[in-house]
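Given next are the chains, with one letter for each unit.
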Amino acid sequence: VFVHGGSWQHGNKRDYLFLGETFAREGFDVAVINYQFAPENIFPAFVDDLAQAIHYLNQNKVKLNISTDNMILMGHSAGAFNVMSVVYSAQSQNFKYKDQIKAIVGLAGPYHFDYVGDPLSEHAFDHKISYQQVMPYYFVKNSSIRHYLFIAEKDKIVGHFNSQDLDRVLKEKGNHSH
């Protein structure tokens, strides 16, 4: 399952058709999803959309002729936040498919930062709620999920500390992270 980025305010799964086709040619069942945008919809709406998509895939796997036994979640930027948050957030205890997720791949993900005053993301979160109550970094627990965190060397938007710090806390909690 791939989730696009776009500061939670733009992007479209159609822009990632190449990615879905590439993985499908390699034999993977692939879903590339859209999600609701800010400012009309704020956290956790976009994470809930991912949970709902995974639920849909599970409920319709026979009809779709897919397997959901060994899911890999992958996201870029805001999408990386979304895939990490479906497992690591205050709401994640209601997500019933954690055992089916074998890996999470985050590409330049913003996993712990203060969104208040950040012009690219402040519109996507409730400012009355502190970032420590929202960011997946603060909700990491031990799991059997394998984590692969990528940074973009010349990324001017998402600080490298996001992936580096998440890698550290994942390992501190006994998780696989690379």
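See above for the structure.
Since we're looking at a predicted model, the values are computed, not measured.

Draft legend 1. Seen up close, the sheet that holds strand β6 (residues 176-177). An order of β2-β1-β3-β4-β5-β6 is seen for the 6 strands of this open sheet, with the pairing classed as parallel. Among the strands making up the open sheet, the edge pair consists of β2 (32-33) and β6. Sheet strands in contact with helix α4 (residues 78-85) are β1 (2-3), β3 (71-76), β4 (101-107) and β5 (146-150), and its direction is about 145° off that of β3.

Draft legend 2. Representation of the packing of aromatic side chains. One pass over the full model with this rule turns up 17 aromatic pairs. Seen in terms of ring centroids, Phe23 and Phe28 are 5.7 Å apart; in terms of plane orientation they differ by 85°. Their pairing is edge-to-face. Arranged with centres 5.7 Å apart and planes meeting at 80°, the rings of Phe81 and Phe125 form a pair that is edge-to-face. Residue Phe81 is found in helix α4, and its partner Phe125 is found in the loop between β4 and β5; the two are separated by 44 residues along the sequence. Aromatic rings pair up to connect Trp8, Tyr35, Phe37, Phe43, Phe46, Phe81, Tyr115 and Phe125 into one cluster.

Draft legend 3. Looking closely at unusual backbone geometry. Following Ala38, the chain continues into Pro39 via a peptide bond in cis, with omega recorded as 5°. Among the structural elements, Pro39 can be located in the loop between β2 and α2 (45-59). Backbone torsion omega between Phe43 and Pro44 reads 15°, so that peptide bond is classified as cis. Among the secondary structure elements, Pro44 is positioned in the loop between β2 and α2. Not every positive phi belongs to a glycine, and Ser7 is a case in point at roughly 55°. Tracing the sequence through the fold places Ser7 in the loop between β1 and α1 (17-25). Its identity as a non-glycine residue notwithstanding, Ala108 has a phi of 55°, on the positive side.

Reading the values: rules and limits
Residues numbered from 1 in each chain as written. Predicted model: local features only at pLDDT ≥ 70, side-chain atom pairs only at ≥ 80, totals over all residues. Heavy atoms only, no water. Pairing = 2+ DSSP bridges. Helix = DSSP H or I, 4+ residues; strand = E, 2+ residues; numbered from the N terminus. Contact = heavy atoms within 4.5 Å. Axes fitted to C-alpha atoms, helices over the stretch in contact; angles between N-to-C directions. Phe/Tyr/Trp six-rings, centres within 6.5 Å; stacked < 30°, edge-to-face > 60°.

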